[in-house]
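# Fold and contact review
Each chain is listed here by its residues.
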Amino acid sequence: MNKFLLSFFLLLSVFAMQLQAQVAKTQVVRAGARANTDGTITLYWPQEAYTGTWQIYRRNTQQSDDWGNVVATVPGNQASWTDISVNPGGEAPEYLISKVNTSNQAEALGYVYAGNNIPEVLHMGGLILLVDSSYLTALRSEIDRLVNQLRSEGWNVSRIAAGRKETPAAVKARIKAEYNRRGGNVSTLYILGHVPVPYSGDYSGQNIPPPDGHSEGAGNHTGAWPADCYYGDLDGEWFDSEVTRTTGSSARLHNIPGDGKFDQTTIPGDVELEIGRVDLFDRPAFSRNDTVLVKKYLNRSHLWRTGKLSTVERALIDNNFGSLNLASTGYHNFATMFPPDSIWDNRDYFTEQKAKPYLWSYGCGAGSYTSCSGVGNTNNFAADSLQNIFTILAGSYFGDWDVSNNLLRAPLANSALACFWGGIPKWYVHHMALGKHIGYGARLSMNNNTFYFNGQFNFSHKGIHIALMGDPTLRQRHVAPPSNLNAVSTNNRVLLTWTAADGDIDGYAVYRYDSARNSYFRVNKGYLIQGTSFYDSSNYLQGRNLYTVRALRLETTNSGTWWNASGGPVAAVNHTNRLTPAFAPANFSVFPNPTRGQLQLQLDEAVQQ
């Protein structure tokens, strides 16, 4: 650990001891970012008469786990700072803003992943869709539609299935085999259905306490909990030979050697795969079986991805833990997504979302498996139609989600597309404000130890219980795609035509498939197409060619500006071109980068010799 991180987290230890006297809102530097026309980025936060300072750190790439040194110290009565060293259109920097008092103690923290004119992301990564085998026939058309949608968005998808009575070890072996078959080029695992639930842990007052604090004699929520992270940790050591813990109030939580439940209470290494699960099994409150509920979920997800499910970009926080820091997960993430006047913390969770749409919501309070004091219960989700896409819940027992009518999964059977137990520990999904998908933040939150402030709540960080309920590929904004793409080879060129996308867009981009790199590259570089047709005169590759067209829109959020690309239809064409290019193009690509010892050089265009 570098010198800065060591001293910084010593301060956080002092900060953590003060939490009971603070509220979640005051723990967070509610910072946002503005992309300026001159290419710079301005960070800003609420104005206050503060006698300390604001210390700002920056990492320039998401591949670095080092905040480095302070890049700016801002007086306490100042509420903004402009970074003039940003590279517009390059990789987005991430900032840490620390509120430091006159005793050099950190009183609050904020994080912003900010960008100015960040280019579209074409290739989302490799994805394994792990499907409950009982859905293969009943939901075939919905699953096929999902796969086609994912591929159109840039995901490289493969499907595997698992039976409900298999062991988690057998299911994980299948995941690892597919991961290895694809050469490790997989980043995400989407679990669809009641795939066997791994259990792990020795939560106890004698060891690491249960994340919700209910040790022996105080609820007995001890022993092993659901642990989907097991499926995403491909090289950690998981064993079932040492833990004996039978103090849990349910036999489901008991853990003894050789029972198929693992011993690990914290994730043994870093989770390699982003994981999300859509599992609506055992929801009797909703009076429908899980097949029907999952079908309805997939239909809503499709509408969201294609821009046909509308909402209002605002957030609601219903915090019923005034003296705890749980709701800081909501305050921090929402501040990076929406302007201050679009975040409400004085409205009731159910009352508001029954009447008005909210893109994000947060609710916390004293809990049971099926209820949250001051928020509501599973029966409310079954009876009332809410208008919400992403929600966060926190309270006792929610994180132990493999239970009948469990509250954490209830929003997915109503209107929400994703839900997680936010605050135990803190979650970080603020990257979604600049176009990342929610699985990116889920994996980051699972692996977070001290890089982001973890909340210091019952040693819950890196716990095996951390899990995302919902599709891990979902983004905060989706653009409706064009349709009916057609490609014709004519006069040594390829003519592309398509049907316009619905909604507001800035234009279209055409991409051609490169078989050597197994990926698409953009043909109309540096500009957007305004109509619904395009001639590709730069294609000298004769034979079968693949094209896709995407609608693009420049998005502005409270984290800056970025280009959002829709999914795209694909068209094949048998191309004939008898012309020879006048000169060889100058643009080379080197891949893979980084390399494991071998690399290839590739020109953007084919050159005849």
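Up top you'll find the structure we're talking about.
About the criteria used
Residues numbered from 1 in each chain as written. Predicted model: local features only at pLDDT ≥ 70, side-chain atom pairs only at ≥ 80, totals over all residues. Heavy atoms only, no water. Helix = DSSP H or I, 4+ residues; strand = E, 2+ residues; numbered from the N terminus. Buried < 20%, exposed > 50% of the residue type's maximum accessible area, 1.4 Å probe, protein only. Contact = heavy atoms within 4.5 Å. Areas by Shrake-Rupley, 256 points an atom, 1.4 Å probe, with all protein chains shown as cover. Lys, Arg positive; Asp, Glu negative; His and termini not counted. Charge placed at Lys NZ, Arg CZ, Asp CG, Glu CD. Phe/Tyr/Trp six-rings, centres within 6.5 Å; stacked < 30°, edge-to-face > 60°. Lys NZ or Arg CZ within 6 Å of the ring centre and 35° of its normal. Disulfide = S-S within 2.5 Å. Core = buried A, V, L, I, M, F, W, Y, C linked by side-chain atoms within 4.5 Å. 1 Å grid on protein atoms, 1.4 Å probe; cavity = no way out; pocket = protein on both sides within 12 Å on 5 of 7 lines; lining within 4 Å. Points joined across faces, edges and corners; volume = space filled by probe spheres on them. Pairing = 2+ DSSP bridges. Axes fitted to C-alpha atoms, helices over the stretch in contact; angles between N-to-C directions. Salt bridge = Lys/Arg side-chain N within 4 Å of Asp/Glu carboxyl O. Polar contact = N/O pair within 3.5 Å; in protein donor to acceptor, adjacent residues only side chain to side chain.

What follows deals with the overall build of the protein. Within the protein one finds 11 helices and 32 strands. C-alpha atoms of the protein, sized along the principal axes, occupy 80 × 60 × 55 Å. Burial analysis of the protein (609 residues in total) assigns 57% to the buried set. A separation threshold of at least 6 residues defines the contact pool for the protein, and within that pool the share at least 24 residues apart is 74%. Carbon and sulfur atoms provide 49% of the accessible area of the protein, an area that totals close to 23700 Å². Counting 50 positive and 50 negative side-chain charges, the protein places the averaged centre of each group 6 Å from the other.

Bringing the packing of aromatic side chains into the picture now. Going through the model one piece at a time under the given rule, you end up with 26 aromatic pairs. A centroid spacing of 5.0 Å and a plane angle of 55° characterise the contact between tyrosine 369 and tyrosine 397, whose relative ring orientation is tilted. Of the two residues, tyrosine 369 sits in the loop between strand S17 (358-364) and strand S18 (371-372) while tyrosine 397 sits in the loop between strand S20 (388-394) and strand S21 (418-421), which places them 28 residues apart along the sequence. Ring pairs connect the aromatic residues Trp67, Tyr111, Tyr428, Phe451 and Tyr452, which therefore count as one cluster. Directly above the ring of tyrosine 50 sits lysine 99, whose terminal nitrogen or CZ lies 4.7 Å from the centroid. Its end group placed over the ring of tyrosine 199, lysine 261 keeps NZ or CZ at 5.8 Å from the ring centre.

Our next topic: the state of the cysteines. Under the counting rule described, the total for this entry stands at zero disulfides. Sulfur of cysteine 364: no disulfide; nearest cysteine sulfur belongs to cysteine 372 and is 6.6 Å away. The cysteine cysteine 419 is free of any disulfide, with cysteine 372 supplying the nearest cysteine sulfur at 10 Å. By relative accessible area, which is 0% here, cysteine 419 ends up buried.

Turning next to the nonpolar core. Counting residues in each nonpolar core, the largest one holds 106 residues, and the members touching the most others are Leu129, Ile175, Trp360, Phe390 and Ile438. If we skip the residues at most four places from it in the chain, isoleucine 175 touches Ile128, Leu130, Ile160, Leu189, Tyr231, Leu234 and Leu273. Val29, Ile41, Tyr95 and Ile97 belong to the second largest nonpolar core, which has 19 residues in total.

Taken as a whole, this structure holds three cavities of 30 Å³ or more when the rule is applied. When its volume is computed, the largest cavity comes out at roughly 60 Å³. In terms of lining, the largest cavity is formed by Glu142, Arg145, Leu146, Gln149, Leu298, Ser301, His302 and Arg305. For the lining of the largest cavity, the elements supplying multiple residues, two or more each, are helix H4 (140-152) and helix H7 (290-305).

Each strand in a sheet pairs with its neighbour through backbone hydrogen bonds, running either in the same direction (parallel) or in the opposite one (antiparallel). Sheet architecture is open: three strands sit in the order S23-S24-S27, paired in antiparallel fashion. Edge positions in the open sheet fall to strand S23 (483-490) and strand S27 (533-536), since each of these has one partner strand only. The sheet shows a mean angle of 15° between the axes of neighbouring strands, direction not considered.

Burial runs high along strand S3 (residues 53-59): five of the seven residues are buried. Sheet topology places S3 next to strand S4 (residues 72-75); four bridges connect them, and they run antiparallel. Residue pairing for S4: isoleucine 56 is matched across the bridge by alanine 72. Sheet analysis places S3 next to strand S6 (residues 94-100), joined by seven bridges and oriented antiparallel. Following the sheet pairing, threonine 53 is matched in S6 by valine 100.

For the bond from isoleucine 424 to proline 425, the omega torsion is 5°, close enough to zero to count as cis. Its location among the elements puts proline 425 in the loop between S21 and helix H11 (438-447). One non-glycine residue with positive phi stands out, namely asparagine 117, at about 60°. Residue classification places asparagine 117 among the partly exposed residues on the basis of a relative accessible area of 33%. The phi angle at glutamine 456 is positive, at roughly 50°, despite the residue not being glycine. As for its placement among the helices and strands, glutamine 456 is situated in the loop between H11 and strand S22 (468-470).

With that settled, consider the side chain of aspartate 263. Of note, aspartate 263 is situated in the loop between helix H6 (229-232) and strand S14 (274-278). The buried charged residue aspartate 263 lacks any salt bridge, with arginine 245 as its nearest oppositely charged partner at 10 Å. Engagement of the side chain of aspartate 263 in a polar contact is seen with the backbone nitrogen of glutamate 242, the distance being 2.8 Å. The contacts of aspartate 263, once residues within four sequence positions are left out, are Ser200, Gly201, Asp202, Phe239, Asp240, Ser241, Glu242, Val243 and Asn255.

In total, this model carries 28 salt bridges according to the counting rule given. Across the pair arginine 164 and aspartate 290 runs a salt bridge, and its minimum N-O distance is 2.6 Å. Remark: aspartate 290 occurs in helix H7 and arginine 164 occurs in the loop between strand S10 (155-162) and helix H5 (168-181); sequence separation between them is 126 residues. Arginine 164 gets classed as partly exposed once you look at its relative accessible area, which sits at 30%. Across the pair aspartate 400 and arginine 252 runs a salt bridge, and its minimum N-O distance is 2.7 Å. Here the residue aspartate 400 occupies a position in the loop between S20 and S21, and arginine 252 occupies one in the loop between H6 and S14, the gap between them amounting to 148 residues. Among the charged side chains, a salt-bridge network with shared partners connects Asp228, Arg277, Asp279 and Arg409.

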